[in-house]
Amino acid sequence: MKLQVVIDALNWICGLGPMCMMPIIMFVIGICLRVQISKLIKCCITTGVGFCGVNLVINAFIAQVGPSVQNMVKAFGLHTDIMDVGWPARAAATWAYPMAAVVVFVVLGLNILMLVLKLTNCVMVDFWSYNHFIFCAAICYYASGSTIIGLICGAVCAIVTFKLADWTQPVVEEAFGLPGVSFPTSNSISWAPLAYLLDKLYDKIPGLNKLKADPESIQKKFGILGEPLIIGLILGIVFGILGGNDVAGVMSVAMYTAATMLLTPKMMQVLMEGLIPFADAVKELLNKKFEGNNFHIGIDAALTIANPSCIAVGILMVPTTIVLAMVLPFNRLLPISDIAYQAMWLSAYPVAFSKGNVVRSYISCVIFTTIMLWVATALAPVHTALAVSGGYELGKAVLVSTEDAGTHLLSYILSLIAGIF
């Protein structure tokens, strides 16, 4: 009964969304660490407004892109037997896992212990992303039939994620302009080692190793045609045509895409105005208490989609993902619900390691998406069981999965290991 109260409380907090949840978490942490109250309140509200702005822009883009995606699926004649129910359904089912509250406390305890023992410098304040560790524990439970193994896997996922956050923090800081911030979001950071290795491989490929394709180089080479606003407009026109829209529809998709390219980074600047002073204050106080540490604040990797290179690669990956789903052997997932969001999400670490190189990042994302579709297909039976236990009504669908589930590479690997026991 007590656990259910905790789960209900967690669900309520997470249901507020990041624009309310993050300010609340920041305020609680700030009060505990005695951050100046006037500075703290301003940071909390500004961060919430920034999250709101980013969400408004991205959600408007996705709402506009949705019909085009549907039209593309019909035009390509794509038919599969696993339905993509979208990441919100996956997240809701995850929080409904009976051991969800236990996983939260285990991971929170691990983070504190690792900080005290100087095994990590990552201060995980992104409460929403705890659902990723719960998802790992849940699918490992279904794979093994053991609650203990599920909890152990969730803990291992958290430990590896915190260590990867330590490793990638300098790259994240340089690439996204977020000093003292990291992205310990397991479904994103799990791809960081592969993104790093692929970027090293590109350094060995003649032609590709000399190609400068970051937004600044593109703009310098192509002038006005290289500006993010114009690139967004051009990509939007192409996307609108591929989606089978009429002239008015193509113009609308084009303008929304151009707006996304221009406005998302500006909303990110607002968010940073609140987040960076807070992060600096928390780091300063913690570093005074624990000398010799260099703490960084762990937040949601969704912030990376405000990067111009991430947006460009994400938009390019929308039609690419549909083509891959159509031609890829062994794929059974029909990607619709998360296609625009996940396309931008997967580009984070390819963009970071390639220093914004759009061509390199796009190639890496094609590879990532291929793997993601296979993982999402493989996880369908477990994902369906989790969804049913969470109260999801399957209707005519026999199996369900999500692109989001497919991005949980580390969790999938752990579930394969768990299945052996």
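Residues numbered from 1 in each chain as written. Predicted model: local features only at pLDDT ≥ 70, side-chain atom pairs only at ≥ 80, totals over all residues. Heavy atoms only, no water.

Novice: Explanation requested: the UniProt feature "transmembrane region" (unreviewed entry) in the protein in the structure shown.
Specialist: Listed under "transmembrane region" (unreviewed entry) in the UniProt record, and renumbered for this structure, are residues 12–33, 40–62, 95–117, 129–162, 222–241, 247–264, 310–330 and 361–382. Structurally, residues 95–117 comprises 78% helix and 0% strand, and the distance from its first C-alpha atom to its last is 30 Å. Annotation note: span residues 361–382, helix share 95%, strand share 0%, distance between end C-alpha atoms 31 Å. (UniProt positions renumbered as here; feature names shortened; annotations may be inferred. Helix = DSSP H or I, 4+ residues; strand = E, 2+ residues; numbered from the N terminus.)

Novice: Just to check I follow, could you spell out the packing of helix α6 (residues 130–144) against helix α17 (residues 380–389) for this structure?
Specialist: Between two packed helices, the angle of one axis relative to the other and the distance separating the axes together describe the packing. At a minimum axis distance of 10 Å, the contact between α6 and α17 shows a crossing angle of 110°. The angle between α6 and α17 falls in the class roughly perpendicular. Mapping the contact onto sequence places Phe135, Ala138, Ile139 and Tyr142 in α6 and Val382, His383, Ala385, Leu386 and Ser389 in α17. Across the contact of α6 with α17, the residue classes break down as seven nonpolar, two polar and no charged. (Axes fitted to C-alpha atoms, helices over the stretch in contact; angles between N-to-C directions. Parallel < 35°, antiparallel > 145°, perpendicular 65-115°, else oblique. Contact = heavy atoms within 4.5 Å. Nonpolar A, V, L, I, M, F, W, Y, C, P; charged D, E, K, R; others polar.)

Novice: What should I look at first to understand the side chain of threonine 377 in this one?
Specialist: Within the secondary structure, threonine 377 is located in helix α16 (residues 358–378). Here threonine 377 falls in the buried class, since its relative accessible area comes to 9%. For threonine 377, the contacting residues outside a window of four places in its chain are Ile82, Phe330, Asn331, Arg332 and Leu333. (Buried < 20%, exposed > 50% of the residue type's maximum accessible area, 1.4 Å probe, protein only.)

Novice: I'm lost on a nonpolar patch on the surface in this one. Help?
Specialist: Together, Phe105, Leu108, Ile112, Leu113, Val116, Leu117 and Leu119 make up a nonpolar patch on the protein surface, roughly 650 Å² of accessible area in all. If you trace the backbone, leucine 108 turns up in helix α5 (residues 100–116). Residue class for leucine 108 comes out partly exposed when judged on its relative accessible area of 36%. (Patch = residues over 30% accessible without salt bridge, like charges linked within 9 Å, V, L, I, M, F, W, Y side chains within 5 Å. Areas by Shrake-Rupley, 256 points an atom, 1.4 Å probe, with all protein chains shown as cover. Salt bridge = Lys/Arg side-chain N within 4 Å of Asp/Glu carboxyl O.)

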